[in-house]
Amino acid sequence: MRPFAIFAVTAIAVLSSGCAQRTPLYRWGEYESLVYDMYMRPGKADPTTQIAKLNEDIERANAEGQRVPPGLHAHLGYLYYGQGQLDAAYEQFTIEKTLFPESTVFVDGVLARMKKQ
Amino acid sequence: MSRISRLLGLAPVLLTAACATMEPHDYTAYREHMPRSILVLPPLNESVDVNASYVWLSTITMPVAERGYYVFPVAVVDAFMKDNGLPGPDEMHSVSLQKLREVFGADAVLYVVIEDWGQKYVVLSSNTVVRARARLVDTATGVEIWQGRADFTESSSSGSSDLLTMVISAALEQIIDSTADATHGVARQANYLMVYDERAGFLPGPRSPSTDAGDSR
């Protein structure tokens, strides 16, 4: 059995054992797979590839009326920052803060440091 | 009635009561300091597999976020700390709660120690093992609000094909695990079980739609 199948089955068992069926809060897309790849298989997740895949995830989530998971916009912002695309980075960090006010302190700190450069 | 038979008689009751009200875990401090946001640091690694920390880190966001918490972007946090002179998990775990709260605005920090990780070969099969201990600490007070374990062993010889007939959920069929790394999938399961454990897992967080935060148990 493939690891994915085992995972999915277990996860369903776990998720559905809460007595009530629940629908996911977020559309996860490639986000966590990219995090895995950037550490374990960096050749598969260079910044350009990550940026393309995450933007695709965002478009799909929007098209399907689903939410983007916490951290994804900030992760994308960080990638843009690394590429020197400061306007795009600023935009993504700002979206993160708008969607998740819990990130305000961190995002404001990042934006302040970006402005100094 | 002998103790054994009394125990056996009780077992089905306990098993079926899992959906109702069982609370062996003390959630008092957790409820008092219900976090909205959780900062996950790369785990300390006591295992011999040098990759364990970062494979684990790539499997924790989904369960915690789906449970109803804001999870800071794990890779960005890691990169940010490395840029600021903290080269690895050991150094990151030594940063004060006060500093973490100041920089990230995190309500709680999830500290994890990986104890065992990887494939173990026994006579006719191999086991893939993930074992870790975890604690969640309130950044404002330093109070430990939860502690638990992420343990899972997958045996190559034991199939769970009966479970395969179960319906596949919408969120999880999105995840296509194309990696040949068995620990990746096992870490996912371990973390799901840790967060969603009926009796000892995380309480539903503020973004959980099903309940008011912390009131479901």
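About the cut-offs
- Residues numbered from 1 in each chain as written.
- Chains lettered and ligands numbered in written order.
- Predicted model: local features only at pLDDT ≥ 70, side-chain atom pairs only at ≥ 80, totals over all residues.
- Heavy atoms only, no water.
- Helix = DSSP H or I, 4+ residues; strand = E, 2+ residues; numbered from the N terminus.
- Buried < 20%, exposed > 50% of the residue type's maximum accessible area, 1.4 Å probe, protein only.
- Contact = heavy atoms within 4.5 Å.
- Areas by Shrake-Rupley, 256 points an atom, 1.4 Å probe, with all protein chains shown as cover.
- pLDDT = per-residue confidence, 0-100.
- Salt bridge = Lys/Arg side-chain N within 4 Å of Asp/Glu carboxyl O.
- Phe/Tyr/Trp six-rings, centres within 6.5 Å; stacked < 30°, edge-to-face > 60°.
- Expected span 1.5 Å × (residues − 1).
- Core = buried A, V, L, I, M, F, W, Y, C linked by side-chain atoms within 4.5 Å.
- Axes fitted to C-alpha atoms, helices over the stretch in contact; angles between N-to-C directions.
- Parallel < 35°, antiparallel > 145°, perpendicular 65-115°, else oblique.
- Left-handed = near helix turned anticlockwise from the far one by under 90°.
- Nonpolar A, V, L, I, M, F, W, Y, C, P; charged D, E, K, R; others polar.
- Pairing = 2+ DSSP bridges.

## Focus on the overall build of chain A
Counting its secondary structure elements, chain A contains 6 helices and 0 strands. Mapped from its N terminus to its C terminus, chain A presents α and β elements in the order α-α-α-α-α-α. In chain A, which comprises 117 residues, the proportion classed as buried is 48%. Sequence separation of 24 or more characterises 51% of the internal contacts of chain A that already satisfy a separation of 6 or more. As presented, chain A carries roughly 5400 Å² of accessible surface, and 53% of it is formed by carbon and sulfur atoms.

## Considering the confidence of the model for chain B
Residues and elements named next belong to chain B. Looking at chain B as a whole, its pLDDT mean stands at 82, while 73% of the residues score no less than 70. pLDDT under 50 marks residues 7–21. Its contacts with residues more than four places away, or in other chains, come to 5 contacts. Low pLDDT (under 50) marks residues 213–217, which in the prediction has 22 contacts with non-local residues, meaning those over four places away or in another chain. Across the interfaces of the predicted complex, the ipTM metric reaches 0.85, alongside a pTM of 0.81.

## Description of the pattern of salt bridges
Opposite charge on two side chains permits pairing when their charged atoms draw close. Counted by the stated rule, this structure contains 18 salt bridges over all chains. Where B:R188 meets A:E32, a salt bridge forms, and the shortest distance between an N and an O atom there is 3.0 Å. One end of the pair, B:R188, is in helix α9 (residues 182–196); the other, A:E32, is in helix α2 (residues 31–40), on a second chain. Across the salt bridge formed by A:K97 and A:D108, the nearest N and O atoms sit 2.7 Å from each other. Taken together, the residues span a long stretch of sequence, with A:K97 in helix α5 (residues 86–99) and A:D108 in helix α6 (residues 104–116) at a distance of 11 residues. According to the relative accessible area criterion, A:K97 is partly exposed, its value standing at 28%. In this structure A:D108 comes out as partly exposed when scored by relative accessible area, which is 34%.

## A look at the packing of aromatic side chains
Where two aromatic rings form a pair, the distance of their centres and the angle of their planes describe that pair. All names here are of chain B. Per the stated rule, a full pass over the model turns up 16 aromatic pairs over all chains. Between Y69 and F202, the ring centres sit 6.1 Å apart and the planes meet at 85°, which makes this aromatic pair edge-to-face. Placement of the pair is Y69 in the loop between α4 (61–66) and β3 (70–71) and F202 in the segment after α9, with a sequence separation of 133 residues. Given a relative accessible area of 0%, Y69 falls into the buried group. Among the residues examined, F202 registers a relative accessible area of 0% and is labelled buried.

## Notes on α6(A)
Compared with an ideal rise of 1.5 Å per residue, which puts 13 residues at 18 Å, α6(A) spans 18 Å between its outermost C-alpha atoms and is within 8% of the ideal. All of the buried residues along α6(A) are A:F106, A:V107, A:G109, A:V110, A:L111 and A:M114.

## Some words on the nonpolar core
B:F104, B:L110, B:W146 and B:F202 are the most contacted members of the largest nonpolar core, which totals 84 residues. Every residue in contact with B:W146, bar those within four places of it in the chain, is listed here: B:H25, B:Y27, B:Y30, B:L110, B:A134, B:R135, B:L136, B:M194, B:A200, B:G201 and B:F202.

## A short note on the environment of A:A88
As for its position among the elements, A:A88 is in helix α5. In this structure the C-alpha to C-alpha distance between A:A88 and A:Y78, which are 10 residues apart in sequence, comes to 9.6 Å.

## Section: the packing of helix α5 (residues 74–83) of chain B against helix α7 (residues 97–104) of chain B
Between two packed helices, both the angle of their axes relative to each other and the distance between the axes serve to describe the pair. Residues and elements named next belong to chain B. In the contact formed by α5 and α7, the axes pass within 13 Å of each other and the chain directions differ by 115°. Classified by the angle their axes make, α5 and α7 are roughly perpendicular. Handedness of the α5/α7 crossing: right-handed. Note on element contacts: α7 touches α5 through L100, V103 and F104, opposite V77, F80 and M81. Residue composition of the contact of α5 with α7, by class: 6 nonpolar, no polar and no charged.

## Here we look at the confidence of the model for chain A
Residue and element names in this part refer to chain A. A residue-level look at chain A finds 81% of positions with pLDDT of 70 or above and a mean pLDDT of 87. Note on residues 1–7: pLDDT is under 50 here. Beyond four places in sequence and across chains, it has 19 contacts. Note that pLDDT drops below 50 for residues 9–14; the model gives that stretch 15 contacts with residues more than four away or on any other chain.

## Things to note about the pairing of strand β1 (residues 37–40) of chain B
Residues and elements named next belong to chain B. With burial as the criterion, each face of β1 is covered, one bearing S37 and L39 and the other bearing I38 and V40. With 2 bridges joining them, β1 and β3 adopt parallel strand pairing. Looking at β3, one finds that S37 is bridged to Y70.

## Observations regarding the pairing of strand β4 (residues 108–121) of chain B
All names here are of chain B. In the sheet, β1 pairs with β4 via 3 bridges, with the strands oriented parallel. The partner of I38 across the bridge, within β4, is A108. Bridge count between strand β2 (residues 44–45) and β4: 2 bridges; the pairing is parallel. Counted as the bridge partner of L44 is V113 from β4. Two elements, β4 and strand β5 (residues 126–138), share 13 bridges in a ladder whose sense is antiparallel. From the neighbouring strand, Q119 faces β5, where its bridge partner is T128.

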